[in-house]
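# Coordinate analysis (summary)
What follows is the residue order along each chain.
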Amino acid sequence: MTREDLVAKVWNMAHVLREEGISYGDYLEQITYLLFLKMDEERESLLGEPSRVPKGCRWADFAHLTGEALESRYNDILKELVKTSGFMGTIFKGAQNKFNNPARLTKVISLIGAEAWLGLKVDVKGEIYEGLLEKNASEVASGAGQYFTPRPLIDAIVEVVDPPLGKTVHDPACGTSGFLLSAYEHMKTKVSGDKEQARQLREQTFSGTDIVQDVVRLSSMNMYLHGIGGDESPVTRADALSKRGTSYGTILTNPPFGKKSSFKDIGANGEVVTETESYEREDFKYTTSNKQLNFLQHIMSTLETNGEAGVVLPDNVLFEAGSAGEGIRKRLLEQFDFHTLLRLPTGIFYKPGVKANVLFFTAKAASKTAQTEKLWIYDFRTNKHFTLKKNGLRRTDLDDFVGCYKSGERHKRVESERFKAFDYDDLIARDKTNLDIFWLKDDSLEDVDALPPPDIIAADIVENLREALEHFTEVEEALDL
């Protein structure tokens, strides 16, 4: 079953719930409860993994029932699961049955029970959530800044960063745990049959945070079904920017896009949860309302000495003027080894027109000299055109970048048409330390036949207008007009 087949199958189930008047968000929540319990049963019966779902609350305890007997049993099960702690407590926090018609509940359970979900060669939880979010984006009131990272890009980032065994891996804006799952799959190939080493990898290596409760739920389900974590979920609900926290050996993340936060979420107890507009932290050298610059400062602050980071950030981080933008870029060059920048093409995120990059840097011990000797930039944007549906990004599209990166042997790098090195002295001398650097000729500027598809052009125009409007608004605020 392909990703598209999977999303279509689960989307079709939506019609059953929509007849009940269930909202999009509630639908997603109800489906994931049932899918999780079904997949937990498969995990136990097919893989022999012990279930942590309390006895009496498992799929087999209610899936055979129908009508009012099913409704009553399912309600009781959710009430029991809400009371649990650890993994199950995180997953079923605030859970309640939104089905008003037992016949509808019976039908959805029948549809889910007809499939063997765990054997699918796709990340079921992540793909369902992201696919449905994309498919029904117009109905999502919050979370518009959640631009989920394409799996081929995640896998390439993990491969070149190559997290070592024995070091922690963290994602401060983990979404459905795409980076953490990819890192686990990559790192477990290094385990040489040592059971204690395998246990430490599963239970003590990975952690993540997200501010949205439903996303934390899905992420915890994903981690549990992949056997990652100890008694507690390695994913917690938190605003990562609110405090410094602990330090990590590897940080892999794609923080939410959007310059200023307008985030709102409803907590399990009905409370309204919002993000802070700006953050006053002692470890932040600069105060700014730019969310990505704050995430960059947070990552710089929480990365262990010699730790590695791979971070997806929008273009504005490379050129935004003002003391914060310029100062943070200078600090990144001077106090960290900012060794690689991957410029990404448009058309690979769920919101078209988004211009983003991957910043790779290493934390170094304090020194009187600049830590960055050369910044290597790989231009994967110029004359590259992707769309989600007709020409999606594949892992093989990034083979040249992975080869040029030379993970573990960066001293052997050589320049190519798309891969260029820039010395520290030249970078620091650039006006406002602008790192928005490009050198390839854009064929579409001279060749009409080389123009990207109209939807990509339109998306680029909209994105540029949005950025211009945000900049204008910031100028107005600064002038107090």
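Just so it is clear, the structure is predicted and the values come from calculations on it, not from any experiment. (Residues numbered from 1 in each chain as written. Predicted model: local features only at pLDDT ≥ 70, side-chain atom pairs only at ≥ 80, totals over all residues. Heavy atoms only, no water.)

Another point: the nonpolar core. One finds Leu34, Phe36, Phe92, Phe206 and Leu342 to be the most contacted residues of the largest nonpolar core, which totals 77 residues. It is helix H2 (residues 24-47) that contributes the most residues to this core, eight residues altogether. Apart from the residues lying within four places of it in its own chain, the contact partners of leucine 342 are Leu153, Ala356, Asn357, Val358, Phe360, Tyr378, Phe380, Leu398 and Phe401. Tyr248, Ile299, Leu332 and Leu435 belong to the second-largest nonpolar core, a separate cluster that totals 27 residues. (Core = buried A, V, L, I, M, F, W, Y, C linked by side-chain atoms within 4.5 Å. Buried < 20%, exposed > 50% of the residue type's maximum accessible area, 1.4 Å probe, protein only. Helix = DSSP H or I, 4+ residues; strand = E, 2+ residues; numbered from the N terminus. Contact = heavy atoms within 4.5 Å.)

Another aspect to go through is the pairing of strand E10 (residues 374-379). For E10, the buried fraction is high: five of the six residues fall into the buried class. One ladder, built from four bridges, connects strand E8 (residues 336-343) with E10; its direction is parallel. For leucine 341, the partnering residue across the bridge sits in E10 and is isoleucine 377. Sheet topology places E10 next to strand E11 (residues 419-423); five bridges connect them, and they run antiparallel. For tryptophan 376, the partnering residue across the bridge sits in E11 and is alanine 421. (Pairing = 2+ DSSP bridges.)

Taking 1.5 Å of rise per residue, the 14 residues of helix H13 (residues 322-335) would be expected to cover 20 Å, and the 20 Å separating its terminal C-alpha atoms lies within 8% of that figure. Of all the positions in H13, only Ala324, Gly325, Gly327, Ile328, Arg329, Arg331, Leu332 and Leu333 are classed as buried. Structurally, H13 contributes buried residues whose contacts are with helix H11 (291-302), helix H12 (316-319), E8, strand E9 (356-363) and helix H15 (424-428). (Expected span 1.5 Å × (residues − 1).)

A few words on the packing of aromatic side chains. For the structure shown, the criterion picks out 16 aromatic pairs. Measuring from ring centre to ring centre gives 5.4 Å for phenylalanine 360 and tyrosine 405, while their planes differ by 70 degrees; the resulting arrangement is edge-to-face. Taken as a pair, phenylalanine 360 in strand E9 and tyrosine 405 in helix H14 (residues 399-405) lie far apart in primary sequence, 45 residues in all. Consider the rings of tyrosine 378 and phenylalanine 401, whose centres lie 5.5 Å apart with planes at 70 degrees: the pair is edge-to-face. Note that tyrosine 378 is positioned in strand E10 and phenylalanine 401 in helix H14, a separation of 23 residues in sequence. A relative accessible area of 3% means that tyrosine 378 is categorised as buried. Of the residues examined, phenylalanine 401 reaches a relative accessible area of 1% and is grouped as buried. (Phe/Tyr/Trp six-rings, centres within 6.5 Å; stacked < 30°, edge-to-face > 60°.)

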